[in-house]
Amino acid sequence: MEQEIYDPTWIVEFAIANKIKIEIIDLLKQCTICYKKTNAYISFVPNDDQNMCQHKACIELDHQEYGLIVLDFGTIKKGCIVNDAILGIEFVDKI
């Protein structure tokens, strides 16, 4: 899976418009590098770090252009440090 630069502006603006918690919006702003898995899912976690992730919740948003979007929210553990993160974005209508 190839690393790519990602511009989260559209999803940040959409989350703000939908009154998503500020903590989630701040995490979305950090999603600037992605590892695309399929046309229907974008991962923000490198393959090497996948086993250090723990899924916590899904946040569903209905987007006018993209349809149902699911934000995968969880944690990433590196050593003794555990950080909240957006693990990926799923575009359900593209599945």
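Below is a summary of the structure that appears in this document. (Residues numbered from 1 in each chain as written. Predicted model: local features only at pLDDT ≥ 70, side-chain atom pairs only at ≥ 80, totals over all residues. Heavy atoms only, no water.)

A word on the overall build of the protein
Along the protein, the regular secondary structure elements total two helices and six strands. The principal-axis extent of the C-alpha atoms belonging to the protein is close to 40 × 30 × 20 Å. Residues counted as buried form 41% of the 95 residues belonging to the protein. Counted over contacts in the protein with a minimum sequence separation of 6, partners at least 24 positions apart contribute 49%. Summed over all atoms, the accessible surface of the protein reaches about 6100 Å², with 49% contributed by carbon and sulfur. (Helix = DSSP H or I, 4+ residues; strand = E, 2+ residues; numbered from the N terminus. Buried < 20%, exposed > 50% of the residue type's maximum accessible area, 1.4 Å probe, protein only. Contact = heavy atoms within 4.5 Å. Areas by Shrake-Rupley, 256 points an atom, 1.4 Å probe, with all protein chains shown as cover.)

With respect to the packing of helix H1 (residues 9-17) against helix H2 (residues 22-29)
Where H1 contacts H2, the two axes come as close as 9 Å, and the packing angle between them is 170°. With respect to each other, H1 and H2 are oriented roughly antiparallel. Two secondary-structure elements touch here, H1 through Ile 11, Val 12, Ala 15 and Ile 16 and H2 through Ile 25, Leu 28 and Lys 29. (Axes fitted to C-alpha atoms, helices over the stretch in contact; angles between N-to-C directions. Parallel < 35°, antiparallel > 145°, perpendicular 65-115°, else oblique.)

A look at the side chain of Thr 75
Note on placement: Thr 75 falls in strand S5 (residues 67-78). If near-sequence neighbours (up to four positions away) are discounted, Thr 75 is found in contact with Met 52, Cys 53, Gln 54, Lys 56, Val 82, Asn 83, Asp 84 and Leu 87.

Quick word on the pattern of salt bridges
Under the defined criterion, the tally for this structure stands at two salt bridges. Between Lys 78 and Asp 49 there is a salt bridge whose closest N-O contact spans 3.1 Å. Of this pair, Lys 78 sits in strand S5 while Asp 49 sits in the loop between strand S3 (41-43) and strand S4 (53-63); the two residues are 29 residues apart in sequence, bridging distant segments of the chain. Using a relative accessible area of 49% as the deciding quantity, one classes Lys 78 as partly exposed. Note on Asp 49: relative accessible area 12%, which makes it buried. Lys 56 is paired through a salt bridge with Asp 84; the nearest N and O atoms lie 3.2 Å apart. A residue pair is termed long-range when its members are at least 10 positions apart, and Lys 56 in strand S4 and Asp 84 in strand S6 (residues 81-91) qualify at 28 residues. For Lys 56, a relative accessible area of 49% gives the class partly exposed. (Salt bridge = Lys/Arg side-chain N within 4 Å of Asp/Glu carboxyl O.)

Details of H2
Looking only at H2, the buried set comprises Ile 24, Ile 25, Leu 27 and Leu 28. Down the axis of H2, the sector holding all buried residues measures 160°, keeping them to one side. Set apart from the buried face of H2 by more than 90 degrees, the exposed residues are Ile 22 and Glu 23. Of the surrounding elements, those touching the buried residues of H2 are H1, S4, S5 and S6. (Arc of directions from axis to C-beta.)

Some thoughts on the pairing of S4
In terms of strand pairing, S4 meets S5 through 10 bridges, oriented antiparallel. Looking across to S5, one finds that Glu 60 is bridged to Val 70. With antiparallel pairing between neighbouring strands as the criterion, S4 and S5 make up a hairpin whose turn holds three residues. (Pairing = 2+ DSSP bridges.)

Distances and angles like these do not, on their own, reveal function.
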